[in-house]
Amino acid sequence: LLSSQIYPILLPREMRTRRALLICNIEFEHMSRRNGAEVDVEGMMKLLEGLGYVVDVHQNLTSQGMVEVMKDFAAHKEHCTSDSTFLVFMSHGVRAGICGTKCRDKTTDILSLDTIYKNFNNKHCQALLGKPKVVIIQSCRGGNVGSVMVSDSAVPTPSSAPRIPAGLEDDAIFEVHLESDFATLHSSTPDTVSWRSSVTGSLFIQHLIEQFRNHAWNSDLQELFRKVQYSFGKFPRQLPSQERTTMLRKFYLFPGH
């Protein structure tokens, strides 16, 4: 059956409790203010609310503060009666992750991306087991401009996930993947910068909102991601990147349903 290839929306709209998390760092102790990021927050809030999510917004957190907020959010009872979640992170960034407000270099006060997946994986957030977890990250990932000539350097492979999945108890114990049903869109490829206007906000967030508004009614999530990437075709300095995506089915947002 084709429908088995699509993530189910099990509850009618009035009984669904979709929640989204949005963390945006604008003010930093040792780094420049992210002017225009307020526009991104407002735009993403409107988009997600329009898609039926109640959005928890947090601003100006250290990496430890971000971890605490994620843990609280992962523990929300509402995820049990939800069908999905969005996790949106906007900040300065380095290759290793997302900058907290006390960040001063490439190693201090950095939220590693692994931490995001760990807090919402099938061991630590069982209420979202089998449900799409959409991660949107607006941050630089290094100082390079994406359109420079690149050499064929060896790409390090991410360390493999633990081999033994968490055993989950239901009527019987059954094994599940430790991590599944994530889809990630990062504003740029590794080691490159992301561009932001102090007036209109981040280029990536602008393009993402536009594509979701125009196409969420008939395109699944990964197709929406591809459309966002395609929209950067004439802007060689930045290319959004789909990463660590473990979606087993197609996710349709079905706005209005």
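Residues numbered from 1 in each chain as written. Predicted model: local features only at pLDDT ≥ 70, side-chain atom pairs only at ≥ 80, totals over all residues. Heavy atoms only, no water.

Asker: Give me the sheet that holds strand β2 (residues 53–59): which residues, what numbers.
Answerer: Strand order in this open sheet of 6 strands is β2-β1-β3-β7-β10-β13, and the pairing throughout is mixed. The open sheet is flanked by β2 and β13 (241–243), the only strands paired with a single partner. Neighbour-to-neighbour, the strand axes of the sheet open up by a mean angle of 15°, direction not taken into account. With 7 bridges joining them, strand β1 (residues 18–24) and β2 adopt parallel strand pairing. In the sheet register, I23 faces β2, and the bridge partner there is H58. Along the sheet, helix α1 (residues 37–50) contacts β1, β2 and β3 (85–90); its crossing angle with β2, the most-contacted strand, is approximately 160°. Strands in contact with helix α5 (residues 221–230) are β3, β7 (133–138), β10 (182–186) and β13; relative to β10, the strand with the most contacts, it is inclined by about 10°. (Pairing = 2+ DSSP bridges. Helix = DSSP H or I, 4+ residues; strand = E, 2+ residues; numbered from the N terminus. Axes fitted to C-alpha atoms, helices over the stretch in contact; angles between N-to-C directions. Contact = heavy atoms within 4.5 Å.)

Asker: Outline the pattern of salt bridges, listing residues and values.
Answerer: Scanning the model with the defined rule gives 14 salt bridges in all. Among the ionic pairs, E29 bridges to K102, the shortest N-O distance being 2.7 Å. Here K102 lies in the loop between β5 (97–99) and β6 (110–112) and E29 lies in the loop between β1 and α1, a separation of 73 residues in the sequence. Of the residues examined, K102 reaches a relative accessible area of 42% and is grouped as partly exposed. Residues D114 and R244 are paired through a salt bridge, measuring 2.7 Å at the closest nitrogen-oxygen approach. Separated by 130 residues along the polypeptide, D114 in helix α3 (residues 113–120) and R244 in the segment after β13 bring together distant segments of the chain. Overall, D114 belongs to the partly exposed group, its relative accessible area being 45%. The partly exposed category is assigned to R244, whose relative accessible area is 37%. Linked through salt bridges whose partners overlap, the residues forming this network are R16, R18 and D83. (Salt bridge = Lys/Arg side-chain N within 4 Å of Asp/Glu carboxyl O. Buried < 20%, exposed > 50% of the residue type's maximum accessible area, 1.4 Å probe, protein only.)

Remember that the coordinates give geometry; whether it matters functionally is a separate question.
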